Structures are given as structure tokens and as C-alpha cells.
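Each chain, written out:
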Amino acid sequence: MVNGDGAHEHTEEAETKQDGTAEADGGEESNEQEVIVIQDTGFTVKIQAPGTEPFDLQVSPQEMVQEIHQVLMDREDTCHRTCFSLQLDGNVLDNFAELKSIEGLQEGSLLKVVEEPYTVREARIHVRHIRDLLKSLDPSDAYNGVDCNSLSFLSIFTDGDLGDSGKRKKKGNELEQIDCTPPEHILPGSKERPLVPLQPQNKDWKPMQCLKVLTMSGWNPPPGNRKMHGDLMYLYIVTVEERHVSVTASTRGFYLNQSTTYTFNPKPANPSFLSHSLVELLSQISPAFKKNFHCPAKEKRHPFERIATPFQVYSWTAPQVDHAMDCVRAEDAYTSRLGYEEHIPGQTRDWNEELQTTRELPRKNLPERLLRERAIFKVHSDFAAAATRGAMAVIDGNVMAINPGEETRMQMFIWNNIFFSLGFDVRDHYRELGGDAAAHAAPTNDLNGVRAYGAVDVEGLYTLGTVVVDYRGYRVTAQSIIPGILEREQEQSVIYGSIDFGKTVVSHSKYLELLEKTSRPLKVQRHNVLNEKNDSVELCSSVECKGIIGNDGRHYILDLLRTFPPDLNFLPVDGEELPLESQRQGFPRQHRHRLACLRQELIEAFVEHRYLLFMKMAALQLMQQKANKDTKTDTPSPLEGKELEESIPGLAQAKELAETLVAEDGSDPKSREVVLNACKAVGSISNTSFDIRFNPDIFSPGVRFPDDSADDVQKQKQLLKDAAAFLVSCQIPSLVKDCLDHSALPMDGATLTEALHQRGINVRYLGTVLEFVDKTPAKAQLEHFYRIGISELITRCAKHIFKTYLQGVELSALSAAVSHFLNCFLSSFPDAVAHLPPDELVSRRKSRKRRNRVPGSGDNTAWASLTPSELWKNIASEAQSYYHFTIQCVDQVVEKYNLQKTTLLREISVKTGIQILIKEYNFDSRHKPAFTEEDILNIFPVVKHVNPKASDAFHFFQSGQAKVQQGFLKEGCELINEALNLFNNVYGPMHVEICACLRLLARLNYIMGDHPEALSNQQKAVLMSERVLGIEHPNTIQEYMHLALYCFANGQLSTALKLLYRARYLMLLVCGEDHPEMALLDSNIGLVLHGVMEYDLSLRFLENALTINTKYHGPRSLKVALSHHLVARVYESKAEFRSALQHEKEGYTIYKNQMGEAHEKTKESSEYLKYLTQQAVALQRTMNEIYKNGSNASIMPLKFTAPSMASVLEQLNIINVLYYKYMEIIEISTKCL
């Protein structure tokens, strides 16, 4: 629903938003208008459905009638209706009309729900809907990774919805009833890493026992004479009471007929129980159905547990699920189309037309842009789902090739209007660039290009829908089809670019005009190349980027694999020297292929770095000029230069300086000279202003440049060398620095990769990064990072080997082959032998060749001869050749680098799409292998696609963050609420960015003292993170920790503990105990336990936190001082004053040395020391008294204080805010976006 919290004051929102989109909007007034349009006030209508009381529904004028339909299908009393119309005063409302366009519809209008006659399409939709209701609580779709279902376990730890539980529990003294002892494996120091608790079973969950079977009858479709009686289709149903019935779906509804399994008698039974809805019919014939069927809306579950995610999330573990009969699933599997799509006019969707039409929607004001972005996002997520399904069908052999005569690896496919090709080097296209390795890298490079051009979003320039799917060892590229391209030869169609890597090149003025608009944002330089006739041809992209005008008259660009310039560190070129920074690290290095590109993030960072350099040079020269002009004011000028350097931390100030420079002295020849010198020094392509762009064709084999651009080419070569050196000398050290000061905290392979990518470092540099860490003096404080890096490097090498390994396996042996590979990788069983029928094993043990085999040919059991030692040898050589990294003592890698086998199993499964049975695996047995083929449940695709963004929402989000940083919390909160509205508008309710938004909102609610609201928003954030990122993703772990804090603040102590224990379990599984985040988690757990007077348990966690903090922050850090203080408090509560004093003294010393005597922290600590000393003395006196006078001593009562909840909460706030200072909460949220 669009309307937010009424129309607040939107003036500052309009202003802050302007910086982002003013160009598009022409000024402030329009902006203000727009936001108010969105806030258009809602109104209430009454809805009357057959057999129910009328109820009120709040609606907004922008909604479509269809959205009311959706609400009714989700409501408890109307959820079983699908085939109805809404009528106002007897007139049927059009489903696709907006409410504001309907005459006579106003506050208080009565809308009637009127049952409509069925058609075959409506009957199918109805049956599917009833099936979905019956299955709504069944997790099997989430395990099988279908229909955008995914898992969520939060409700098991919160016993349903948190909102209610606050009211339910009696306030006051609930301390006694809490059982605080966690399971053994969660305690500090435990070495067990069980897998089963990852998916806790909900004790109350029982599948709805409503029906045994609901399926299509074998008598379908109805014969002609029955069609003329209105029969649409027949269903076969077995009720829980074992009653077998045959049901006719007719235009009037559903009724029992007289057919049996073997005789067809379509006449109505007596009684026929004719009902408009299948639920009404079943309730009449089956008491158990009537008793057990209830709408999912009635469940105490949060709607976020059921809503579909925009892209499919797969789970790498699953329990053994019973396979039940399911008509809709069976029917879906055998139709080429997806779900409802068979009912779309024209049958299959024309993906290309949909993708391009949504781009052409108007975008002049906010409502238009929202509609456009919503349409683009929806089509993209549908396209990704269809492409994934098609790619799997192609690899599973269920789609016929369009060139069936060619060998398997050269085949291409079309399914559902999507074109599929395999990632092999067909017809030696990539021979000079690295053959199959290049053909495997090209699709992801191309996808990055599509993403970049899509983000620039130039009107009139079109890219193809592109999805890259890795499945069963094959890489499949799925693309939408340019109209008319299949009827023509490629030579005729390409009017811009080159189809043979630059031997023949053509250009086109319209393309140059369109690409010119992308050249500045993408930093691509316009340049000339020579064609085969030695004529100079002008391009504004790399040569392989092809321009084709489709039959629809649109200008398409494709093959964007070289949108970004080459990475010279991995591209040795004869006669070219790299800068010393690169050479020292051993670059250039030979790579598998010649398509290694720099990332867009690196280009951005490099240009920003150069910009600051440019400003500093210009400023310095101006200073010198000033100094020369008047020697009197000589003294301030060097100072000013220094000040300038300090005062230009970011781009914004530097821009201002540049503008004053140009504005003031534009006419002044001296200042022109200054700019010219600075431009030359930083390699700008213009002499009058700062402008850095790259020529992506430099160093492309086969591309030749005209003689007159020799200088340019030289400049460009230098720029590329500088960029490559910048990556090694600036970006890698800055990543390591960020890890040292904990502003980057990767926890697993995915978050490590993300940290690299954010700084523009490609994963192929992982070996270099690890070597850099190894040489860092503070290596001990980077142990967690090093360990995650090593396990990422090893699992990636294993993934490369697994890819070729799988290509030689036929479908029937898939689970045996996967389990054999995992045994070789992880099991300690020395001679892992694959399970094959014995005679095959004997005759084929000889063949050990597995390399370079064509899929589907040759020896299909060679995989069985892989041994653990051979696999690890291969992993080591892969690490050497791909990452240039030497793995020490390959036999004891796990022990040497202190890795966890469970973590390795998770990483390899997630990377390759393996799903395994959730049970405890014994990796260390030397007598039997850890995995059997029964443990491999599924293999999923790994999908890469474009993520369209909600630009306006993002601007609001950023403005909100800026306000929060300036300390205007309330305004920030309003802006972020607004952003949340807009995100919902574009993405629907489930999305990673909405998750970040909710987390920040909850954080602000909490800081501003609205604890219940914080709890409600954070609960949504946790659910969403589980659903969209995965149940054990590092972000989810963070969300659990925040939620625990807010639960504690709301007095829900036992829930807070359960959530913290869950977070600790997940963290142990994902990265083990030795990680700086664990210190924060353990401090939280220790504090809550202290609050519920579990002192011994509390100490175990707090002392562990102290150890980890000391290791990662150094013994003199303030975090360590705080840890000492927390431990001291628990010892005080136990009346062990000597230990308490010892810890508090340590803390005091740190405060004194770091902050000085006068600082309040030092004073507080000193006061507390005095207090502890008094207590200790008093205790000693009492003890002496007892010794002296025996039992009749007069004992002064000692003050043993249990800590108050308020003081515990205060400490919790300190540690959590110390970790996430104001600014850092912002950074964390931004990282997700």
C-alpha cells in the first residue's frame, strides 16, 4: 500500500532528494509535489462477500482493483475464492483500473463480491490456489528451491510473533523460570560443530491433515458432448477418511460425479454437493477436511515467512522430506511454460519485448519513475526465474538444440523465447584469448557490462536480458532474443563494432551518439582504430561491442565483455614494463585467459584518487604563485597548502575548489597553466579540466590504432599501468587496514568476496592479498581474515576441479559422484572408493584421465578413480597456477590453517549448488567415508543476474542517513520511512535493500527510545534476512544480535538469550570461535546471563570475550578495558573481590594510559576500585570475626547485589554502541545496499 504515515512536512525531503535527481525533475517545486502525490490520502470501502459479514478495507486511490482481489484471496474468510468480480451498484469493476478512475467509488462505498462462472483457465487457477493453501505451511517447496520459497526459523526461537509475546507474558519476576544453560556445543571452547541444529524442527508443526490426494483425473480432458454440458475438467480426490471421489469442475462450480477409476460416468452424483469453491465442496464430504482446513492467514505466523522472494534462494541442507502426490507440481513439471503463464494471451512471453518496453516507460516525475522501476524489476525477476529453469532443462537434456547436428558442446538452444549457449569455445572464437577458459569468463564479464550500461540507463540504447547459470559443471548463458536476428547472418546485422575481435570494424553515427552519453559515467574514451583496409574508424566502446538494429527498430548493443579496461597485472605484454609497485609483488602474471578486466569499483576509486591528486597539485601551484606574487605573506602559504591537504578528505570539497578555480580565474592565463600542468600530471584526456577515461581496446590482440593517435595510445597505456599499480599499492593495503581497525569484518567466503569487490579487487588477487597479510607486522590480529581467505581459496580451487569433474558424469551416477568428491575433499578415510557396480570398477580403474573431456562422450566412470591425495594435489597446483599461492603441507591443511571441515563443507556446497542431507557427519573416521550417495539430495543452479535498483528510494535512504549523521534523528527517521515506502513500491515487500532499511529504522527507533517499534522493525529485518540472504548468512547473524538487544530492552529476557545462542551457533558454524565479532556476541550473552544471575555461566562467556578482544584489539585497547570491567562486575556479584579487583585494575591502567587521569572513564574506574576495596575489607573483617568468635559472632550483613536490569541494559548499550558508533551503523546499512 502506498500511503505512508500521512503527509508529513516534506520540504527538507524535497531538498535533500534534489541532489540526486534534480536534473531529471527540473527543480524543487516539482519534487515537493511528487512526494505529496505519493502521500495521497486513502479511504475506506465496505466489502460484502457471499455468506460473510461486510468488513471495512482501507484502500488508496493509486491501487488497482486487482490488489483488492489479492487482499480477499489472503483473508481468512474469503481465501478460498478465486473466481469472482467486484461490483459497485451492479457494475463490474475492471481489474486493471486504478481506484481513483472509478466513478462513484468513495469513502464508505459498498463493493459486492460476486461469484463468476468458471472457464478452464479459472478452474486451473482455483485448483492451484487451493493446493497452495493446503501446502502453505509445508516447507518442502523451500527445501526444493521452487516458487521463490525459502526457509526461516526465527519464529521457533520467539515462539511465534514477538508483537504478541510482549503482552502475553506476565510482567515482573520472570527470572526464576528461565532455563539459561545453552546446549554443550554453544559453550565457549566447545570443538563440536553439529549440523542438525541449523534447521531446528518446529515441535508444533504438523502438516495439515486435510486430504490424502488431490490430482487431475485420468479422464481429462472432457469429451465433446460433456464440454457442451459445461464440464471443464475432472479431479480425483482421496479424503483422509479414505473416500475416493471424482469431481467435475464445471462453469457453475465443482460437484461430485459418478466416475470411478475404471468407468467414466460424468453424471452428477446424488447428492452432487455443487459448490462454487472446492473448499466448500470438500468441507461437505469430509469431516476431517472441515475440521483441519484453515486459512494460513489464521496461523500465528508472520506474513514475511510466506511471501515469495524476488529471486530464488537455495538451501544447502535439507531433512529427508516425504515426497507426496501433488497434481499441480506434476503438471508444472511437464509444461514448457511457467505456472500461470499458460494463461497469458499469446501463450509464451516475449521476454525481449517486455524487458525493452519497461525501459521505455516515461520517467519524468516520481510516480512515473516508481511505476517504471517496479515494472523493470518485476520483469527481471520473472526473466531470471524462466532463464534458470530453461538452463537446467538444457543441461538435463530436455530441450532440443537448434543445431542438433553439431557436437554437444557447440549446441545452442531456444526455449520459452530465451536463447541458451554453453560456456565453451565454439569454432575457436576465443582461441587467441585463452580458449575454453576465456569462453567461461566471457559471460560474467558480459553480464557486468550489461549491468553497467543498464545502470547508466541511456534512453534509446538497449541491452539484452542476460542471466548466467552454472549447473552440473556447465556454464549456460541465457539471453533474450533480438527481433529478427535469427533470420539474418551476423555479418549483415552488425552495423557497429567487430565480429572478429577487430580485424574488420564498422561504425555508425547513431551508435556513436548514444554511446557518447555513456562514455563519461563509464569512463570509456572515444577513440579510433584501423580496419582491414587501414581506414580509421571511430568507436566509443571496445571493438567486440556490437551494435545491431533489431526488426523492432531499437538500437541494441551486445558482447559487452570488455566494457572495462584490461588488468595489466594479469596480462603480460611483450616490451611493456609495469610500475615498480606491481613488479615488487611479482606482476605481471600469466592468467588462464586474456579477458581479465579491472572492476568498475576500481575504476571509480582510481579516478577519485586521481581527482584528489589533481586538486592538490593545482592548489599547491596556486600557493606558489601567490607566494611569488607577494613575498610579504610568505609565512602562511606553506601552512595553507598543508591545511588544504587536510581539508580535502572527499570529492565534494575538491569539486568546490575546482569550481572556484575555474570560475575565478577562467580568463587568467596563469590559472590556465596551473590546470594544464595538473591535467598532464594525472593523465586527464582534456587539457582544460579533469577528465579521466580509459580506452578499453589498448592491448587487445588484433586491434590496431592510426599513427596520429600514437601519443594518446601511449598516455592510455600509462594510465592502465597506473591503475594496475593502484590496485596493488593502494586498494589491497587499504582493505587490510580496514580489517585491522574492524571497519571491514568478513565472516565467510561471500562477505570476504564482497569486501574485495567493494574496493575493486578481483578475486584472482586473493593469493596476493593473503601474502600481503602474511607479511603484515600485525599478522596475529588478522588471523580470522587469513583463515577465511585460505578457506575461500581452497574451496574455489576445489570448485574449479569439481566443474570439470562433473562434466564427465552421467545423470544416473550424479549423487554417487558428488558424494565421492566430497569424501575425497573432506573425509579422513584414506582410500575413498566410489560406489560402482563391482565389474565396472575392475575394468575401468586404469583410466585416470579426467581432463579436457567433451561432455557426454568417452569414459563415464573416470570420476570414480579420483583419490583424496590426488584431489588435494590438484587443489594445491590449482592454487599455485590460478592464485599464485603456495599451500603449505597439503596433507594437513585443515590442521595447519586451523580450518573447520563443517565450514569447508558449507562453502563448497554453496558455491557449487550441492544440497546435502542434514545430519551429523563424521569427518574424522578413518574406517568409513563421511558421505554416502544417500546424503546428496539435490544439485541446484548457481545464478548470476542483474539487480535493477530503486533509484529514488535509494536517494531518500541516503538523505536519511546524512540527516542521522548530522544528528537530526527524527528527520532522518522520516526520510528512511519514506525510503521504505518507495522500496516497497518498487521491489514488493521482500528485498535485501528493504532489510537494510528496516535494520536502520529499528536502530533509530531504539536510540530514540521507542523500544517496541524497534522490536517490530528488527523482527521484520531478521525474517527478511533469513528469507532473502539465507538462514546462516553473516548478515542474518548480525540481525539476530540486534533483535536480542531489543528483546532484552523490552523485558523479554529468555527470548533474548535464545536469539543470542542461535547467533552464536550460526557463527560457530560459519567461521568458528576465533573471530573479533565473537567477542561482541559473547559480551552480550555474558551480560544477559549476569542479569539473570547465572554468574558462572556468565563468566565463561565474558572471559572468552576478553581473550578474543585482547587478541584482536591488542591488550591496551579500550575494548579490552571494558571487557575487564564487565568481568570484574560478575566477580563482585559472586563476592570474589580479589579477582574483581585484579580485573578492574587492569582496566584502570588502560584507561589511565590511553585517556589520562582526568578522563571520566578513568575516574569512574578509580571510584569502582575504591568501592571494591571497601567491600573486600568488609568481607575480610566478617571472616575474621567468624574465625575468632565462632558461630555466635555478630555479623554485619554484607551487601550482595544482583545487578539491576537497567544497569545491564546500560552496559549492553555501551558495548553495542562502542562497536557500532552512530556513524558505523550507517556504514553497515550502506554496505548492504
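If you're wondering where the values come from, they're calculated on a predicted model, not measured in any experiment.

## Concerning the pairing of strand β3 (residues 84-88)
The element β3 is largely enclosed, with a buried count of 5 among its 5 residues. Of the two faces of β3, both are covered, the one formed by Phe84, Leu86 and Leu88 as well as the one formed by Ser85 and Gln87. Here β3 pairs with strand β5 (residues 110-115) via 4 bridges, running antiparallel. Looking at β5, one finds that Leu86 is bridged to Val113. In terms of strand pairing, β3 meets strand β4 (residues 91-92) through 2 bridges, oriented antiparallel. Looking at β4, one finds that Leu88 is bridged to Asn91.

## Digging into helix α16 (residues 509-522)
Taking 1.5 Å per residue, 14 residues should reach 20 Å; α16 reaches 19 Å between its end C-alpha atoms and fits that length. Of all the bends in α16, the largest measures some 30° and sits at Glu516. Within α16, the full set of buried residues consists of Tyr511, Leu512, Leu514, Leu515, Thr518, Ser519 and Leu522. Looking one or two places after α16, you find Lys523, whose phi comes out positive at around 60°.

## A short note on the packing of aromatic side chains
The description of two aromatic rings rests on the distance between their centres and on the angle between their planes. What the rule picks out here adds up to 34 aromatic pairs. A centroid spacing of 6.1 Å and a plane angle of 80° characterise the contact between Phe424 and Tyr474, whose relative ring orientation is edge-to-face. Here Phe424 is found in the loop between β12 (418-422) and α14 (435-456), whereas its partner Tyr474 is found in strand β15 (residues 474-480), with 50 residues between them in sequence. We note that Phe424, like Tyr474, is buried. Between the aromatic rings of Tyr805 and Phe821, the centroid separation amounts to 5.1 Å while the plane-to-plane angle is 55°, which identifies the pairing as tilted. Taken as a pair, Tyr805 in helix α25 (residues 783-807) and Phe821 in helix α26 (residues 814-826) lie far apart in primary sequence, 16 residues in all. Residue Tyr805 is classed as buried on the basis of its relative accessible area of 1%. Connected via pairs of aromatic rings, a cluster forms that spans Phe311, Phe377, Phe957, Phe983 and Tyr987. The positively charged end of Arg589 is found above the aromatic ring belonging to Phe587, 4.5 Å away from the centroid.

## Re the nonpolar core
Membership of the largest hydrophobic core comes to 272 residues, with the highest contact counts inside it found for Phe825 and Ile875. The element that contributes the greatest number of residues to this core is helix α36 (residues 1053-1071), accounting for 14 residues. Setting aside residues no more than four positions away along its own chain, Ile875 makes contact with Ile794, Cys797, Ala798, Ile801, Phe825 and Ile887. Ranked by size, the runner-up nonpolar core spans 27 residues in total, among them Tyr118, Ile237, Val247 and Phe293.

## Considerations on the confidence of the model for the protein
Confidence in the prediction for the protein averages 85 pLDDT; 84% of positions are at 70 or higher. Residue range residues 336-346 is modelled with pLDDT below 50. Its contacts to residues more than four positions away, or to other chains, number 25 contacts.

## Here's the deal with the sheet that holds strand β6 (residues 211-216)
Taken together, 4 strands build an open sheet; the order of strands is β6-β7-β8-β9 and the sheet is antiparallel. Only two strands of the sheet have a single neighbouring strand rather than two, namely β6 and β9 (253-256). Going across the sheet, the axis of each strand differs from the next one's by a mean of 25°, ignoring polarity. Bridge count between strand β7 (residues 231-239) and strand β8 (residues 244-250): 7 bridges; the pairing is antiparallel. Along β8, the bridge assignment pairs Leu235 with Val247. Contacts from helix α9 (residues 278-285) reach β6, β7, β8 and β9 within the one sheet, and its direction differs from that of β9 by about 25°.

## Topic: the sheet that holds strand β13 (residues 461-462)
What links the strands of a sheet is backbone hydrogen bonding, and the strands pair in either a parallel or an antiparallel sense. Pairing in this open sheet of 4 strands is mixed, and the strands run β13-β20-β19-β16 from one edge to the other. The sheet is open, and its two borders are formed by β13 and β16 (494-496), each paired with just one other strand. Of the strand pairs in this sheet, β13 and strand β20 (residues 555-558) are connected by 2 bridges, and their pairing is parallel. Across the sheet, the residue bridging to Tyr462 is Tyr556, located in β20.

## Let's talk about a negative patch on the surface
A grouping of Asp707, Asp708, Asp711 and Asp712 is seen on the molecular surface, where their side chains present a negatively charged patch. Within the secondary structure, Asp711 is located in helix α22 (residues 710-740). Looking at Asp711, the relative accessible area reads 66%, which means it is exposed.

## What to know about the packing of α26 against helix α28 (residues 868-883)
Contact pair α26 / α28: the axes reach a minimum separation of 8 Å and the direction vectors enclose 75°. When the interaxial angle is binned, α26 and α28 end up roughly perpendicular. Each of Phe821, Cys824 and Phe825 in α26 lies in contact with α28, whose residues at this interface are Pro868, Leu871, Trp872 and Ile875. Of the residues assigned to the contact of α26 with α28, the class counts are 7 nonpolar, no polar and no charged.

## Remarks on the pattern of salt bridges
Tallied over the full model, the rule gives 61 salt bridges. Here Glu406 and Arg427 are joined by a salt bridge, their closest N and O atoms 3.1 Å apart. Taken together, the positions of Glu406 in the loop between α13 (366-395) and β11 (412-415) and Arg427 in the loop between β12 and α14 put the pair 21 residues apart, joining distant regions of the chain. On the basis of relative accessibility, which here comes to 52%, the residue Arg427 falls in the exposed class. Where Lys1134 meets Asp1096, a salt bridge forms, and the shortest distance between an N and an O atom there is 2.6 Å. Of this pair, Lys1134 sits in the loop between α39 (1118-1133) and α40 (1137-1155) while Asp1096 sits in helix α38 (residues 1095-1113), and the two are 38 residues apart along the sequence. Overall, Lys1134 belongs to the partly exposed group, its relative accessible area being 27%. Through salt bridges that share partners, Asp748, Glu792, Arg796, Arg906, Glu907, Lys911 and Glu1032 make up one connected network.

## Concerning the environment of Glu608
For Glu608, the position within the fold is in helix α18 (residues 600-629). Separated by 84 residues in sequence, Glu608 and Ile692 have C-alpha atoms that sit 9.8 Å apart.

## A closer look at the packing of helix α24 (residues 766-775) against α25
Contact geometry for α24 and α25: axes closest at 10 Å, N-to-C directions at 155°. With respect to α25, the element α24 is oriented roughly antiparallel. Between α24 and α25 lies a crossing whose hand is left-handed. Along the contact surface, α24 presents Leu766, Gly767, Val769, Leu770, Val773 and Asp774, while α25 presents Phe785, Tyr786, Gly789, Ile790, Glu792 and Leu793. Tallied by class, the residues present in the contact of α24 with α25 amount to 8 nonpolar, 2 polar and 2 charged.

## What to know about unusual backbone geometry
Residues Asn220 and Pro221 are joined by a peptide bond in cis, for which omega reads -15°. Tracing the chain through its elements places Pro221 in the loop between β6 and α8 (224-227). Here the amide bond leading from Asn270 into Pro271 is cis, since omega sits at -5°, within 30 degrees of zero. Structurally, Pro271 can be placed in the loop between β9 and α9. One non-glycine residue, Asp428, adopts positive backbone phi at about 50°. By the secondary structure assignment, Asp428 is in the loop between β12 and α14. Owing to a relative accessible area of 45%, Asp428 belongs among the partly exposed residues under this scheme.

Rules of the game
- Residues numbered from 1 in each chain as written.
- Predicted model: local features only at pLDDT ≥ 70, side-chain atom pairs only at ≥ 80, totals over all residues.
- Heavy atoms only, no water.
- Buried < 20%, exposed > 50% of the residue type's maximum accessible area, 1.4 Å probe, protein only.
- Helix = DSSP H or I, 4+ residues; strand = E, 2+ residues; numbered from the N terminus.
- Pairing = 2+ DSSP bridges.
- Expected span 1.5 Å × (residues − 1).
- Bend = angle between axes of the 7 residues up to and from the residue.
- Phe/Tyr/Trp six-rings, centres within 6.5 Å; stacked < 30°, edge-to-face > 60°.
- Lys NZ or Arg CZ within 6 Å of the ring centre and 35° of its normal.
- Core = buried A, V, L, I, M, F, W, Y, C linked by side-chain atoms within 4.5 Å.
- Contact = heavy atoms within 4.5 Å.
- pLDDT = per-residue confidence, 0-100.
- Axes fitted to C-alpha atoms, helices over the stretch in contact; angles between N-to-C directions.
- Patch = residues over 30% accessible without salt bridge, like charges linked within 9 Å, V, L, I, M, F, W, Y side chains within 5 Å.
- Areas by Shrake-Rupley, 256 points an atom, 1.4 Å probe, with all protein chains shown as cover.
- Salt bridge = Lys/Arg side-chain N within 4 Å of Asp/Glu carboxyl O.
- Lys, Arg positive; Asp, Glu negative; His and termini not counted.
- Charge placed at Lys NZ, Arg CZ, Asp CG, Glu CD.
- Parallel < 35°, antiparallel > 145°, perpendicular 65-115°, else oblique.
- Nonpolar A, V, L, I, M, F, W, Y, C, P; charged D, E, K, R; others polar.
- Left-handed = near helix turned anticlockwise from the far one by under 90°.

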